[in-house]
Amino acid sequence: MDHSTHIEEIARRYPAERRFSLAILQDIQREFNYIPAEALPIVAARLDTPQAHLYALATFYKSLSLVPKGKHVVKLCDGTACHMRGAGNLLGSLSRQLRLDADGRTDDGQFSVELVNCLGSCALAPVMVVGEAYYGKVSLEQLPTLVDSYREGGENDE
Amino acid sequence: MMSDNATSRTLLVCCGTGCLANKAAAVADALDAACPEASVKRTGCNGFCENGPIVKVQPDDISYYRVKPEHAEKIAASLGHGPVMSLLFRDADKKLVLRQADNPFYAPQHKVALRNIGTIDPLAIDDYLDAGGYRALERALAMEPDEIIAEVTASGLRGRGGAGFPTGVKWASARAEEVFPKYVCCNGDEGDPGAFMDRSILEGDPHSVIEGLAITALAIGAEQGFLYIRDEYGLACANVAAALGAAEARGYIGTNIRGSGRRLRLEIVRGGGAFVCGESTALMASIEGRLGEPRAKYVRSVQRGLWDKPTVLNNVETLANIPVIIAQGGVRFAEIGTEGSKGTKVFSLVGKVERTGLVEVPMGVTLRHLIFDIGGGIRRGRRFKAVQTGGPSGGCIPEGLLDLPVDFDTLTEKGAMMGSGGMIVMDEHDCMVEVARYYVKFLSDESCGKCTPCREGLRQMLAILTDLCEGRGQQGDIELLERLGATMKESSLCALGQSAPNPVLSTIAHFRDEYAAHIEEGRCPAGVCPALTTFVIDSEACTSCGACKKACPVDVISGDKDTPYEIARDGCIACGSCRESCRFDAVSAHQRKEALA
């Protein structure tokens, strides 16, 4: 299935009402790891809403991204508890280890790293999430091994 | 013999997000395999996440902590023969604790909103029904709307999301509107960093929220409702979706509720990751598919909310209390708590306390009780410095105010607030200027940008606080922050902007010295701000254990058994990992004299 057909299919999961704009964009984000440029006109036509409206949503809501994310999205929780227990140091260490660019991505497209708002697992601070997997009480020492397990050929790279 | 012992037993495996992170799912599977005759139940969060995964054996009432899949065989073999000692909790005196009720973390708690969590399987509606679930809804179906509202008013329940608005009053206003359709909403956009009670309730007892929402709908005359839940809370969304399906199949929601002819359609709306959407009007805009920006509230949303129709929005924890109030009566609920704040409150006790997790206590207990009795005091014997309550809208409370009762009004009088119940404990190694900078950074990222005082005020505050943390503070900065804060409080459009200065103003009020040290001496007393701090290893106290060397992210620590450990000035980023890793207090922070590399 090419992108356009796939996007069309996702948009049709919901009734053609403007209130489902966000839900459709979230599903597209989940599917492609970003909102491809061709998605906006397709969804706009389906919901009979201006593209500008969808563009506004895509830039307002943090869960949506107009640029592709890495294959593995690493979320470092920067909730207060994680912040107090060293989330900033984890980010610094990851940046150095992975040589992240200004947008927090690696140039091979394998990883993107983001500092995110509280993930609600404060008792396990600091928390890191790779894809859907939660890691609690992450230490600087374990970071390299953990990251390596997601590299190509690693045990967690599917 | 073995199988008899197993058949009669239920193993409750905590499968909250915290325990799942510690491989609780594998523990449950291993227990399934090891004791096929016992009933293994996957429950919601027990709150003591740090010691997870937690497994409870019933009816023996034995609780195990930090259980790993490889312990399953041991647990299976022990059923009916006494506990596995090595998995029991040890209290501060190293005494083994068998029952959850005797655990110092749980003993002082009083569970109302969290009543079922950890004992029922959130995916099994029969578990909820066995625990008395949906009886309040049945009762409400036989009541007049005004009677329902009278019970809620009598209970004195106030909104648990932070604002503390009386729930009965809100419902009565919406009921009085003669405009239809009306809507009910559940605010599950829990955004305050450091608070996770709503996630826990949605994950662990979704039916209590659905029942609460259904009763709300009966009271105000709504037939449609929404549960707005953070997209990041994947498990919560999944469990609520499953619970909605089960509730509809049994007729507790849907087109003909329990044969009464009443109807209610509920659906989940996933949040888009914008903190401001926790604000009522922004949340409603988001449900409508618009940008989550708040509007001025000359007209309240109980009059004109979703699609300009009367709408009641209640927080998750508030809704979880409703079935209890209707089942037992409002007067009985009001027996718990203080004069102005009835019932219990769930707090997430996190940060530098010994025992972190989710706790539910009657309103009016003191901060000291929460932090020192339940939380077990400060980690590693350090000194308490402050507790941050109420998230980014709240403030920092110093030691001198620890005997204050925690309720809606007392903390607000002191410039903090109880808020949604996040309680982040800080010790002597936390810098209050940096804490203020952290919250302002968060808020400036999350400000929707609609009104100028909030958008620009936060940006300026952030610039000043960053300067302070990086050694560029100037005389007059503190006063400037205070003036900015006053303007923002007065002139911002919504609660986000109006309360945004609280973290700054409260830290200035209680820790002005620390601000002054940054400005006047270029010194960070807590040893946190890297530009002002340098670390030194005391060779007398150092035991050459090597922990700091392993913890150093930039490999600038040298030493071994024979050579004293040392931090090289060159390349050190002053992150403080060495100090945190040292068990012997051999690493100390000093004022940095030279520029940071």
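Since the model is a prediction, treat every value here as computed from it, not as a measurement.

Trainee: What's the story with the overall build of chain A in this structure? I'm lost.
Mentor: Summing up its helical and strand segments, chain A has 7 helices and 4 strands in all. Reading the helices (α) and strands (β) of chain A from amino to carboxyl end gives α-α-α-α-β-α-α-β-β-β-α. In terms of overall dimensions, chain A has a C-alpha envelope of 50 × 35 × 25 Å along the principal axes. Evaluated residue by residue, chain A yields a buried proportion of 55% over its 158 residues. When contacts within chain A are restricted to residue pairs at least 6 apart in sequence, long-range pairs at least 24 apart make up 62% of them. Within the structure as shown, chain A displays about 7,000 Å² of accessible surface, and the carbon and sulfur contribution to it stands at 49%. Between the centroid of the 16 positive side chains of chain A and the centroid of its 21 negative side chains there is a distance of 7 Å.

Trainee: Help me understand the overall build of chain B, please; the structure alone is not making it clear to me.
Mentor: Check the secondary structure of chain B and you find 24 helices and 19 strands. A globule of 597 residues ought to have a C-alpha radius of gyration of about 25 Å, and chain B, at 26 Å, matches this closely. With respect to the principal axes defined by its C-alpha atoms, chain B has extents near 80 × 70 × 40 Å. Relative to its 597 residues, chain B shows a buried fraction of 59%. Within chain B, contacts between residues separated by at least 24 positions form 70% of all contacts whose residues are at least 6 apart in sequence.

Trainee: Looking at this structure, I do not really get the domain arrangement of chain B. What am I missing?
Mentor: How big an interface is tends to be reported as the loss of accessible area on association of its parts. Taken domain by domain, chain B consists of domain 1 (6-102), domain 2 (125-334), domain 3 (344-427), domain 4 (432-521) and domain 5 (530-595). For domain 1 of chain B and domain 4 of chain B, the distance between their C-alpha centres works out to 46 Å.

Trainee: Teacher, can you tell me more about the environment of Ser544 of chain B here?
Mentor: Topologically, Ser544 of chain B is positioned in the loop between strand 16 (533-537) and helix 23 (547-551). Note: C-alpha distance between Ser544 of chain B and Pro564 of chain B (20 residues apart in sequence) is 7.2 Å.

Trainee: What exactly am I supposed to notice about the confidence of the model for chain A here?
Mentor: Fine structural detail should not be taken from predicted coordinates in areas where pLDDT scores are low. For chain A, per-residue confidence averages 91 on the pLDDT scale, and residues scoring 70 or more make up 99% of the total. The least confident element of chain A, judged by mean pLDDT, is helix 5 (residues 80-84) of chain A at 86; the most confident is helix 3 (residues 39-47) of chain A at 96.

Trainee: Sorry if this is basic, but what is going on with the packing of aromatic side chains here?
Mentor: Two aromatic rings, taken as a pair, are described by how far apart their centres are and by the angle between their planes. Residue and element names in this part refer to chain B. Per the counting criterion, the structure on display carries 17 aromatic pairs over all chains. Summarising the aromatic geometry, the rings of Phe105 and Tyr106 are spaced 5.2 Å apart at their centres and angled 85° between planes, so their arrangement reads as edge-to-face. No difference in accessibility class separates Phe105 from Tyr106, as the two residues are buried. Residues Phe372 and Phe384 carry aromatic rings whose centres are separated by 6.2 Å and whose planes lie at 55° to one another, so their mutual orientation is tilted. Taken together, the residues Phe372 in helix 15 (residues 367-374) and Phe384 in strand 13 (residues 384-389) connect sequence positions 12 residues apart.

Trainee: Help me understand the packing of helix 9 (residues 197-204) of chain B against helix 10 (residues 206-220) of chain B in this model?
Mentor: Geometrically, a packed helix pair is captured by the angle between its two axes and the distance between the axes. All names here are of chain B. Interhelical geometry of helix 9 versus helix 10 gives an angle of 95° and a closest axis separation of 5 Å. With respect to helix 10, the element helix 9 is oriented roughly perpendicular. Where helix 9 abuts helix 10, its residues Ile201, Leu202, Glu203 and Gly204 lie against Pro206, Ser208 and Val209. Grouping the constituent residues of the contact of helix 9 with helix 10 by class yields 4 nonpolar, 2 polar and 1 charged.

Trainee: Could you clarify how one ought to interpret the sheet that holds strand 2 (residues 39-43) of chain B in this entry?
Mentor: Across a sheet, paired strands are connected by hydrogen bonds in the backbone, their directions being either parallel or antiparallel. Residue and element names in this part refer to chain B. In space, the 4 strands of this open sheet follow the order 2-1-3-4, with mixed pairing throughout. The open sheet has two edge strands, strand 2 and strand 4 (62-64), and neither has a second partner. Going from strand to strand, the sheet's axes swing by 20° on average, the running direction of each strand aside. Sheet topology note: the strand 1 (residues 10-14)/strand 3 (residues 55-58) ladder contains 4 bridges and is antiparallel. Across the sheet, the residue bridging to Thr10 is Gln58, located in strand 3.

Trainee: Can you help me understand the nonpolar core in this one?
Mentor: Side chains of nonpolar character tend, in soluble globular proteins, to be buried together. One finds Tyr134, Ile148, Trp171, Ile215, Leu227 and Ile326 of chain B to be the most contacted residues of the largest nonpolar core, which totals 90 residues. Top contributing element to this core by residue count: helix 10 of chain B, with 9 residues. Leave out the neighbours within four places in its chain, and Leu227 of chain B touches Cys186, Val209, Leu213, Val240, Leu244, Leu266, Glu267, Ile268 and Val269 of chain B. If you look at the next biggest cluster of nonpolar residues, it comprises 70 residues, including Leu54 of chain A together with Cys185, Cys431 and Tyr515 of chain B.

Trainee: Looking at this structure, I do not really get helix 12 (residues 280-287) of chain B. What am I missing?
Mentor: Helical geometry: 3.6 residues make up each α-helical turn, so side chains three or four residues apart lie on a common side. Extensive coverage of helix 12 of chain B is indicated by the burial of 8 of its 8 residues. Of all the residues in helix 12 of chain B, the buried ones are Ser280, Thr281, Ala282, Leu283, Met284, Ala285, Ser286 and Ile287 of chain B. Of the surrounding elements, those touching the buried residues of helix 12 of chain B are helix 2 (21-32) of chain A together with strand 7 (183-188), strand 8 (224-229), strand 9 (265-270) and strand 10 (311-315) of chain B. Following helix 12 of chain B by one or two positions, Gly289 of chain B adopts a phi angle in the positive range, close to 90°.

Trainee: Sorry, what's going on with the confidence of the model for chain B here?
Mentor: Mean pLDDT over chain B: 93, with 99% of residues reaching 70 or higher. In the model output, the complex is listed with pTM 0.93 alongside ipTM 0.89.

Trainee: Help me understand the interface of chain B and chain A, please; the structure alone is not making it clear to me.
Mentor: Every contact between the two is made by 62 residues of chain B and, on the other side, 39 residues of chain A. Approximately 3,900 Å² of surface area, both sides summed, lies buried where chain B meets chain A, with 53% of it carried by carbon and sulfur atoms. Its largest share of buried area at the contact with chain A, chain B owes to Arg270, Leu291 and Tyr438 of chain B, together 16% of the area lost on that side. Between the two partners, chain B and chain A, sit 6 salt bridges. Ionic pairing is found between Arg270 of chain B and Asp27 of chain A, a salt bridge with its closest N-O pair at 2.9 Å. Among the secondary structure elements, those contributing two or more residues to the side of chain B that touches chain A are helix 2 (17-21), strand 8, strand 9, helix 12, strand 11 (344-351), strand 15 (422-427), helix 17 (432-446) and helix 23 of chain B. Taken together, the residues of the side of chain B that touches chain A sort by class into 27 nonpolar, 15 polar and 20 charged.

How each quantity is defined
Residues numbered from 1 in each chain as written. Chains lettered and ligands numbered in written order. Predicted model: local features only at pLDDT ≥ 70, side-chain atom pairs only at ≥ 80, totals over all residues. Heavy atoms only, no water. Helix = DSSP H or I, 4+ residues; strand = E, 2+ residues; numbered from the N terminus. Buried < 20%, exposed > 50% of the residue type's maximum accessible area, 1.4 Å probe, protein only. Contact = heavy atoms within 4.5 Å. Areas by Shrake-Rupley, 256 points an atom, 1.4 Å probe, with all protein chains shown as cover. Lys, Arg positive; Asp, Glu negative; His and termini not counted. Charge placed at Lys NZ, Arg CZ, Asp CG, Glu CD. Rg over C-alpha atoms; globule rule 2.2 N^0.38 Å. Domains from an automatic or database assignment. pLDDT = per-residue confidence, 0-100. Phe/Tyr/Trp six-rings, centres within 6.5 Å; stacked < 30°, edge-to-face > 60°. Axes fitted to C-alpha atoms, helices over the stretch in contact; angles between N-to-C directions. Parallel < 35°, antiparallel > 145°, perpendicular 65-115°, else oblique. Nonpolar A, V, L, I, M, F, W, Y, C, P; charged D, E, K, R; others polar. Pairing = 2+ DSSP bridges. Core = buried A, V, L, I, M, F, W, Y, C linked by side-chain atoms within 4.5 Å. Buried area = accessible area lost by both parts, 1.4 Å probe. Salt bridge = Lys/Arg side-chain N within 4 Å of Asp/Glu carboxyl O.

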